[in-house]
Structures are given as structure tokens and as C-alpha cells.
Amino acid sequence: MKYDREQVMRIIPQRDPILLIDSVEELDPGNSITATFFVRPDMAIFQGHFPGNPILPGVYTVESAAQATSLLFLSLDRYSGKLPLFCGIDNVRFLRKIKPGDTITLKGSLLSENMEKAIVKSHVEVFNGDEKAALVDVTLAIR
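Residues numbered from 1 in each chain as written. Predicted model: local features only at pLDDT ≥ 70, side-chain atom pairs only at ≥ 80, totals over all residues. Heavy atoms only, no water.

Participant: Before we move on, could you go through the overall build of the chain and cite the residues and values that matter?
Facilitator: From N to C terminus, the chain includes 2 helices and 6 strands. Here the C-alpha atoms of the chain give a radius of gyration of 14 Å, agreeing with the 15 Å that 2.2 N^0.38 yields for 143 residues. By its C-alpha atoms, the chain is 50 × 30 × 25 Å across when sized along the principal axes. Within the chain, contacts between residues at least 6 apart in sequence are counted, and of these 61% link residues at least 24 apart. (Helix = DSSP H or I, 4+ residues; strand = E, 2+ residues; numbered from the N terminus. Rg over C-alpha atoms; globule rule 2.2 N^0.38 Å. Contact = heavy atoms within 4.5 Å.)

So this is what it looks like as C-alpha cells:
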């Protein structure tokens with residue numbers, strides 16, 4: 001399954017300026033996802049992080065991983081239309097800088113799901129080109 005930005009917005013509740021997924025290249029609902037985000041040079045955050053040497057803040061990278069996780073699970077009928085809430089982030093590693101004009105690819109996979117409590121966890125690898133830029137395990141409560 002492939003989704004463009006408009007289709008992404010039909011699944012997850014985030015909107016600009018915090019929508020950090022542009023497309024979904026592959027999706028196996030509840031199992032795996034490959035999504036992309038173009039780091040727009042005109043994002044306001046670059047005015048202060050860091051002037052003259054702009055770098056995407058790590059919290060934005062983590063948020064993009066959470067949004068990929070949201071897409072992974074909200075694409076299932078049992079969670080469709082629900083609100084994904086951050087419960088935790090674990091095993092975060094930042095390996096490469098992400099700069100304005102870069103396109104990152106997020107590859108997420110199911111780690112666990114507690115259907116009774118609607119708690120889901122995924123492992124997301126973030127790539128900048130061919131290089132791994134970050135790793136993060138995301139836990140969401142779906143309400």
C-alpha cells in the first residue's frame with residue numbers, strides 16, 4: 001500500500017506544522033511500514049536550531065518515528081479513528097545529522113501489541129539517504 005500526504009492525514013490526526021510524514025511507500029498494517037519525510041528548509045525551527053548550521057532537532061526525529069508508528073497501527077480497523085498518545089520512547093540513538101533539504105526514510109516494525117489495553121510498541125530505524133541516522137522504540141496508547 002502507498003499513501004500520499006493527503007491519505008496520511010486521513011489516518012493520523014497530526015497537521016502542519018507538526019505533520020512529519022509526507023508519504024508511505026510500504027505498509028503492512030500492524031506489522032511494518034516504510035514512510036518518508038522531506039525536511040523542508042523553510043521550517044521555522046531552523047531559525048533557532050542552529051543559526052548558520054541548521055540541524056533537525058532530535059525531538060522531531062522521534063516525533064516522526066511516533067507518527068510512523070501511529071500509521072502502522074491506526075491503519076488497522078480496530079484502531080481506525082483513534083487518538084495515538086505517546087507512552088514512551090526507549091533505546092534512542094542519534095547516529096547522523098539530519099539537515100534542511102534531506103529526505104528521511106522511516107522503517108518501522110511491530111515489537112509488541114497489547115490489544116486489551118490498546119498499547120502498541122514499534123522499532124523504527126530512520127535513514128538519511130543510505131545511512132542510518134537514528135533508532136528509536138516507540139510506545140503508544142491508542143485511545
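Participant: Can you tell me about the nonpolar core, naming the residues and giving the values?
Facilitator: Burial of nonpolar side chains together is a common tendency in soluble globular proteins. Counting 40 residues, the largest nonpolar core has Val8, Val24, Ile33, Met43, Leu71, Tyr79 and Leu106 as the members making the most contacts within it. Sorting the residues of this core by element identifies helix H1 (5-11), strand E1 (23-28), strand E2 (32-38), helix H2 (58-74), strand E4 (103-114), strand E5 (119-128) and strand E6 (131-142) as the ones contributing at least two each. For this core, the leading source of residues is H2, giving 8 residues. Ignoring anything within four residues of it in the chain, the contact list for Leu106 reads Ile21, Ile33, Thr34, Ala35, Ser64, Ala65, Ala68, Val124, Glu125 and Val126. (Core = buried A, V, L, I, M, F, W, Y, C linked by side-chain atoms within 4.5 Å. Buried < 20%, exposed > 50% of the residue type's maximum accessible area, 1.4 Å probe, protein only.)

Participant: How would you sum up unusual backbone geometry? Please name residues and give values.
Facilitator: The linkage connecting Asp16 with the following residue, Pro17, adopts the cis geometry, with an omega of 10°. Omega for the peptide link from His49 to Phe50 comes to -10°, which places this bond in the cis form. Tracing the sequence through the fold places Phe50 in the loop between E2 and H2. Positive phi values are uncommon outside glycine, yet Asn91 reaches one of about 55°. As for its position among the elements, Asn91 is in strand E3 (residues 84-94).

Participant: Describe the packing of aromatic side chains, naming the residues involved and giving the relevant values.
Facilitator: Taken as a whole and judged by the stated rule, the model has 0 aromatic pairs. Lying over the aromatic face of Phe127, Lys107 brings its terminal NZ or CZ to 5.3 Å of the ring centre. (Phe/Tyr/Trp six-rings, centres within 6.5 Å; stacked < 30°, edge-to-face > 60°. Lys NZ or Arg CZ within 6 Å of the ring centre and 35° of its normal.)

Participant: Please provide a residue-by-residue account of the sheet that holds E2, values included.
Facilitator: Spatially, E1-E2-E4-E5-E6-E3 is the arrangement adopted by the 6 strands of the open sheet, whose pairing is antiparallel. If you trace the sheet from one side to the other, it starts and ends with E1 and E3, each paired once. Across the sheet, the axes of successive neighbouring strands diverge by a mean angle of 20°, strand direction being ignored. Bridge count between E2 and E4: 7 bridges; the pairing is antiparallel. Directly across from Ile33, in E4, lies its bridge partner Gly108. (Pairing = 2+ DSSP bridges. Axes fitted to C-alpha atoms, helices over the stretch in contact; angles between N-to-C directions.)

Participant: Break down H2 for me, with residues and values.
Facilitator: Taking 1.5 Å per residue, 17 residues should reach 24 Å; H2 reaches 24 Å between its end C-alpha atoms and fits that length. Summarising burial for H2: 15 of the 17 residues are buried, a large majority. (Expected span 1.5 Å × (residues − 1).)

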